[in-house]
Each structure stands twice: as structure tokens, then as C-alpha cells.
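# Residue-level structural notes
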Amino acid sequence: MRLIGYASGNFGKNLVWSTADITLLFILTDLVGLPVRSAALLMTIAVAGDLIFDMLAGAISAQVKAYSAGYRWLITFGAIPCGIAFMLLYAVPWWGEHRFWTIASIVLVFRVAFAVVDVPHYAMIASVTSDSRARGRTAGYRSFFSCISSLIIATFVVPLAEKSARLGDAAPLAAFGACAGLIFCVAMATSAMAGSLVSTSRRSSRKAIPLRLSIPKLAPLFLVMLAIAVVMSFAVPMFSRTAIYYATYVLDRPAFAGQILAAITIGQFGGVVVWTSLVRYFDKTRLLIASHASTLAALCIFAASAPNQIAMLVSSALMGVALLGVYMLPWGILPDVVDFCELREGFRQETTFFALFLVVHKASGAASSGLIGWVLATTGYVPGAQQPHLVVNAIVFLAFGIPVVGALCAIATLLPLNIGHRRHAAAIRKIAFKNAIS
């Protein structure tokens, strides 16, 4: 129950982060009226900001971990400015704000505050449990809560954004932003309290060293995880990020975007059961390879199914099952990598690794959104108009080409990796022996 309480924080985090990830660019271009190039520039600024924000958040988290009682208060109080910034961001169309730097300032405040919450919340999983299988299950619990919020986004928020842009009425969007910001604050406080009550092992409870902003060498195993972060955040989610554009301008069915995302989310609930069950019996790296291969197959089926709506929704649900493994399993593998690197280097750097991983994870996601904006602007996209063939082809390439290439790269990277439950258990025993004699 404590693991589930800790995992519940992902409901709040995913509600605000994925909402912004999927709808913000569309809202800025089609509702606020920002030029596409300006919106793309804003996403580029967000990319650059994330490179700094997560490292600073990691440094703060490391100091809290080393010299204080834990991450609880940092997560709880950091959620407040983040929630307020999210409320303001989705109220921008309602109050009629069009100035670029005003909107950019709110976006940056949101991302800074979110980093202060996100880094310690993710790092907490390394001390919640030291068992490789339990970490995999905890990642599954977190994915379950993320799926709940994703279902809300797909069935309510995406249609709301499309309807607001079509009718020019932004008041419901502002009301949603206020409710979501409040829910985020409550969810993070609950998660922080539950996670801080978990009894940690002697190994994980000893003082952690502060984050080092300059690291002389990174373990090859962690470099592999950074490559996986790029695929997980930049390439594979490109289909979901372009779903609104694909449904509106390729299929000519604007309302179908919400149905596609809802089908993916429903499939992800099944994916929670599938991948969480399999993690008890199979190594997480092999399951991650299987999830990327399944995503490739589902994308091909979806593309071949068009324009049959029923077939497309079925393939979307299958894609959701596969994507859940892509998003879930790296977070169960990363704490194990922390342990392997501790055994090799002789000291523990969980905040360093989680901060760097999140830098790559978030920056890749923002770069993905920025790429969509730049590609659309370059090919001549005009909001609400009949698009030329060049724009349509660009949308299709973004939705399918980039995820396929990314999944193939991830599979090639993971194949030579040999870290599993048994090897991790042996590493834990060696670390415990070293601690006992030191």
C-alpha cells in the first residue's frame, strides 16, 4: 500500500505535464493565435531551460537527501508554484494574453517548479525498495496512475482544446486548468507523505553525496539509459503528439483524435497488467525490447488500417499495450543502474543519475514538440485551412517515421545489455558486504 501511495503521485504529475505536452502547442497556435514559428521558438526555449532546471533541481534534491530528512517537504511545497503556473498557463486564452514573453515566462516558471518536484519524486523510487522485481512492480503502479490521468486527457482535455479552438470559448479550458493545478498539489503531497514513510534498507538510508554538476566519467550502462531516454521521450511519443494534426488534416476527422488517444490509453491499462505481471519472470531489459517491437507492429497495423475507424481504434488499443512497456520499464531499470554504478564506483549518486536522465527525458520531449512546430512552419502550415500535400506528408512522417526509427534504435541498443534480476541481486549482496566491512 505504501508503494501504491508513492506511485499515486504520477496521477498528478502526468495530468499537468502530459496535458501541456499534448495540447499546449495546439492551443498556442490555434487558440491564442501565436505564429507557428513563435510557438516553436517557445518550445526551443523550454528545451534549453530543461537542461538547466533539472540539474539545479537535482542539486537541491541531493542537498536535501544528504543533510535533511528526505524529499517529502521539497515535493510538497514545490508543487504549489507549479500548480499555480499551470493554472495561469491554461487561463492565458481566457484573459486574452497574446504577448510572447508573458506566455514564455509562465511556461518557464511551470517547468522550473515541475523540475523541483519531479527529480526528487523519481529519485525516491531508488530508496523505496531495493528489490529489482519490486521496482518493476512500482513502475507498473506508477504507470497505472499515469494511465488514469491520460484517459482523462484523451477523453476530456483533448476534445476540450479542439472545441475551445473551434468555438473561440476559452473559459472551460481555464476552469480545467484551475482544477488540474489543485489536484496536482494534493496528489504530490499525498505521494510524498507515503514515500517518506517507507522503511529503507541500511544500504539506501546512509548519507548520499551531493550532486556533482561536473562528472568526470559516466558508466557505459548509464549512457545506454540516456539513449533509451531519447527514444522514450523524443521518438516514440511523436504519434500521440501529432494525433490532433493527423486526425484534423490527414483523416479530415478532427474529433477522431480524442478517440485515438482514448483507445491508446485504454490499451495502456491492459499494458499495466501485462508488463507488471511479466516483470516477475523476465528481465526488464528483455521486456523493454519486446515492448518496442510490439510498438513497431502496432504502428504498421494502424497505418495499414486507415481509413477504417474501427480497425484504427483496435490497433490504437494494441499500441497502448506496447507503449506502456516503453514508458514504464526504463523507470524500473534506472534504480538498478544506480546500484550497479554504486558497486563499480564505490559511492551512490541516485540524484545525479535521475537528474541527468530527466534532463534528457524532458529536453527530448520538448525538442519533439519544437520539431513539430518547426516542420509545420517550414512546410507552410496554416491553422484551420486546407493543407498542401507537403504539410500532409510531413505530418504523416512525424507521426509514423520518427517513432519507427526510434524503436529500431532502442532495440539495437538494448540487445547487448545483460542486466537482469539475478545479476542485480548479486550486486546488492556485494554492496551489503562492502558496507558491513567498512
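Everything below is about the structure shown above.
Notes on the structure in this doc start here. What you see is a predicted model; the values in this text were computed from it and never measured. (Residues numbered from 1 in each chain as written. Predicted model: local features only at pLDDT ≥ 70, side-chain atom pairs only at ≥ 80, totals over all residues. Heavy atoms only, no water.)

### Description of the environment of Ala255
Relative to the elements of secondary structure, Ala255 occurs in the loop between α12 (243-250) and α13 (256-278). Taking the relative accessible area as the measure of exposure, Ala255 reaches 56% and is therefore exposed. Taking the C-alpha atoms as reference, Ala255 lies 6.8 Å from Pro159; in sequence the two are 96 residues apart. (Helix = DSSP H or I, 4+ residues; strand = E, 2+ residues; numbered from the N terminus. Buried < 20%, exposed > 50% of the residue type's maximum accessible area, 1.4 Å probe, protein only.)

### Details of the pattern of salt bridges
Pairs may arise between side chains of opposite charge once their charged atoms sit close together. Under the counting rule described, the total for this entry stands at four salt bridges. A salt bridge links Asp336 to Arg135, with the nearest nitrogen and oxygen atoms 2.9 Å apart. Placement of Asp336 in helix α15 (residues 309-345) and of Arg135 in helix α7 (residues 132-167) is noted, with a sequence separation of 201 residues between them. The two residues Asp336 and Arg135 agree in class, both being buried. Among the salt bridges present, the one from Asp336 reaches Lys284, with a minimum N-O distance of 2.6 Å. Residue Asp336 is located in helix α15, and its partner Lys284 is located in helix α14 (residues 284-305); the two are separated by 52 residues in the primary sequence. Overall, the relative accessible area of 4% leaves Asp336 in the buried class. By sharing partners, the salt bridges in this structure join Arg135, Lys284, Asp336 and Asp339 into a single network. (Salt bridge = Lys/Arg side-chain N within 4 Å of Asp/Glu carboxyl O.)

### A look at a positive patch on the surface
Where like charges cluster on the molecular surface, the positive patch consists of Arg423, Arg429, Lys430 and Lys434. Assignment of secondary structure puts Lys434 in helix α18 (residues 421-437). (Patch = residues over 30% accessible without salt bridge, like charges linked within 9 Å, V, L, I, M, F, W, Y side chains within 5 Å. Areas by Shrake-Rupley, 256 points an atom, 1.4 Å probe, with all protein chains shown as cover. Lys, Arg positive; Asp, Glu negative; His and termini not counted. Charge placed at Lys NZ, Arg CZ, Asp CG, Glu CD.)

### Details of the state of the cysteines
The full count for this structure, using the stated rule, is zero disulfides. For the unlinked cysteine Cys82, the closest cysteine sulfur is that of Cys185, found at 7.5 Å. (Disulfide = S-S within 2.5 Å.)

### Details of the packing of aromatic side chains
Within this structure, the stated rule accounts for 24 aromatic pairs. Between Trp331 and Phe357, the aromatic rings sit 4.9 Å apart at their centres with planes inclined by 75°, giving edge-to-face as the arrangement. Of the two residues, Trp331 sits in helix α15 while Phe357 sits in helix α16 (residues 350-379), which places them 26 residues apart along the sequence. Just as Trp331 is buried, Phe357 falls in that class too. Note that Arg253 overlies the ring of Phe256, its terminal NZ or CZ placed 5.9 Å from the centroid. One Lys or Arg, Arg423, reaches over the ring of Phe340 and ends 5.4 Å from the middle of that ring. (Phe/Tyr/Trp six-rings, centres within 6.5 Å; stacked < 30°, edge-to-face > 60°. Lys NZ or Arg CZ within 6 Å of the ring centre and 35° of its normal.)

### Description of the side chain of Ser18
Relative to the helices and strands, Ser18 is located in helix α2 (residues 9-32). Classification of Ser18 by relative accessible area gives buried; the value is 15%. In this structure the side chain of Ser18 is engaged in a polar contact, spanning 2.5 Å, whose partner is the side chain of Asn14. If we ignore the near neighbours within four places in the chain, the residues touching Ser18 are Lys13 and Ile153. (Polar contact = N/O pair within 3.5 Å; in protein donor to acceptor, adjacent residues only side chain to side chain. Contact = heavy atoms within 4.5 Å.)

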